[in-house]
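# Analysis of the macromolecular model
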Amino acid sequence: MNHLRSRPPEGATPVDSPGRPEVLSLEAACEKARSLVQEALRARPGWRPPPFDPRVYAELLGVAVSYTEEPVAWDAILLPAGGSCESFRIVCNAAVRSCRRMAFSLAHEIA
């Protein structure tokens, strides 16, 4: 069952989407996520998630992932790459000891 609406509920803020002003932020994000999963499956034919590896999605999106050994107060952070707001990189805190937490933080920054 598709829980997404074709029309926004009353009071909802539509996303600025040329030609589709009725698209909600949630719907647009879900469509983009589904498209990215399909692209990942085409790029890696033998890969059958779950588990989902956010590094695969970062690679497909052209987002560099690096790790810091510096003491920081965050698990991961999204930054512009090379001073450009058109490309991004994600820096992960290498002190995070849980692989699941690191994967969650990376996925959060991708989203």
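Residues numbered from 1 in each chain as written. Predicted model: local features only at pLDDT ≥ 70, side-chain atom pairs only at ≥ 80, totals over all residues. Heavy atoms only, no water.

As a further point, take the confidence of the model for the protein chain. Of all residues in the protein chain, 75% have pLDDT values of 70 or greater, and the mean over the chain is 79. pLDDT under 50 marks residues 1-6. Its contacts with residues more than four places away, or in other chains, come to 7 contacts. (pLDDT = per-residue confidence, 0-100. Contact = heavy atoms within 4.5 Å.)

A word on the packing of helix H2 (residues 54-61) against helix H3 (residues 99-110). Viewed as axis vectors pointing N to C, H2 and H3 meet at an angle of 30 degrees, and their least axial separation amounts to 9 Å. With respect to H3, the element H2 is oriented roughly parallel. Crossing of H2 against H3: the hand is left-handed. For the pair formed by H2 and H3, the contact residues are Pro-54, Arg-55, Tyr-57, Ala-58 and Leu-61 on the first element and Ala-103, Leu-106, Ala-107 and Ile-110 on the second. Each residue belonging to the contact of H2 with H3 can be placed in one class, and the counts come to 8 nonpolar, no polar and 1 charged. (Axes fitted to C-alpha atoms, helices over the stretch in contact; angles between N-to-C directions. Helix = DSSP H or I, 4+ residues; strand = E, 2+ residues; numbered from the N terminus. Parallel < 35°, antiparallel > 145°, perpendicular 65-115°, else oblique. Left-handed = near helix turned anticlockwise from the far one by under 90°. Nonpolar A, V, L, I, M, F, W, Y, C, P; charged D, E, K, R; others polar.)

A word on the layout of surface pockets. There is about 540 Å³ of room inside the largest pocket. Considering the residues around the largest pocket, the lining is formed by 16 residues, among which Ala-33, Leu-36, Ala-107, Ile-110 and Ala-111 are closest to the centre. Looking at the lining of the largest pocket, the elements with two or more residues in it are helix H1 (25-43), H2 and H3. Split into classes, the residues belonging to the lining of the largest pocket amount to 13 nonpolar, 1 polar and 2 charged. Quantified by volume, the second largest pocket comes out at close to 200 Å³. Around the second largest pocket, the lining residues are Pro-51, Phe-52, Asp-53, Pro-54, Arg-55, Tyr-67, Ser-98, Cys-99, Met-102, Ala-103 and Leu-106. Secondary structure elements with two or more residues in the lining of the second largest pocket: H2 and H3. If one sorts the elements of the lining of the second largest pocket by residue count, H3 sits on top with 4 residues. Class assignment of the residues belonging to the lining of the second largest pocket gives a composition of 8 nonpolar, 1 polar and 2 charged. (1 Å grid on protein atoms, 1.4 Å probe; cavity = no way out; pocket = protein on both sides within 12 Å on 5 of 7 lines; lining within 4 Å. Points joined across faces, edges and corners; volume = space filled by probe spheres on them.)

Owing to its 3.6 residues per turn, the α-helix aligns residues three or four sequence positions apart on the same side. Buried within H2 we find Pro-54, Val-56, Tyr-57 and Ala-58. Phi for Gly-62, located one or two positions after H2, is positive at around 75 degrees. (Buried < 20%, exposed > 50% of the residue type's maximum accessible area, 1.4 Å probe, protein only.)

All told, the structure shown has 3 salt bridges when counted by the stated rule. Residue Arg-55 pairs with Asp-53 through a salt bridge whose shortest N-O separation is 3.0 Å. (Salt bridge = Lys/Arg side-chain N within 4 Å of Asp/Glu carboxyl O.)

Moving on: the nonpolar core. With 8 residues, the main nonpolar core is built from Ala-58, Val-63, Ala-76, Ile-90, Cys-92, Val-96, Met-102 and Leu-106. Elements with a minimum of two residues in this core: strand E3 (84-93) and H3. Beyond its immediate stretch of four places on either side in the chain, Ala-58 contacts Val-63, Val-65 and Ile-110. One finds Leu-36, Ala-40, Trp-47 and Tyr-57 within the second-largest nonpolar core, a separate group that totals 5 residues. (Core = buried A, V, L, I, M, F, W, Y, C linked by side-chain atoms within 4.5 Å.)

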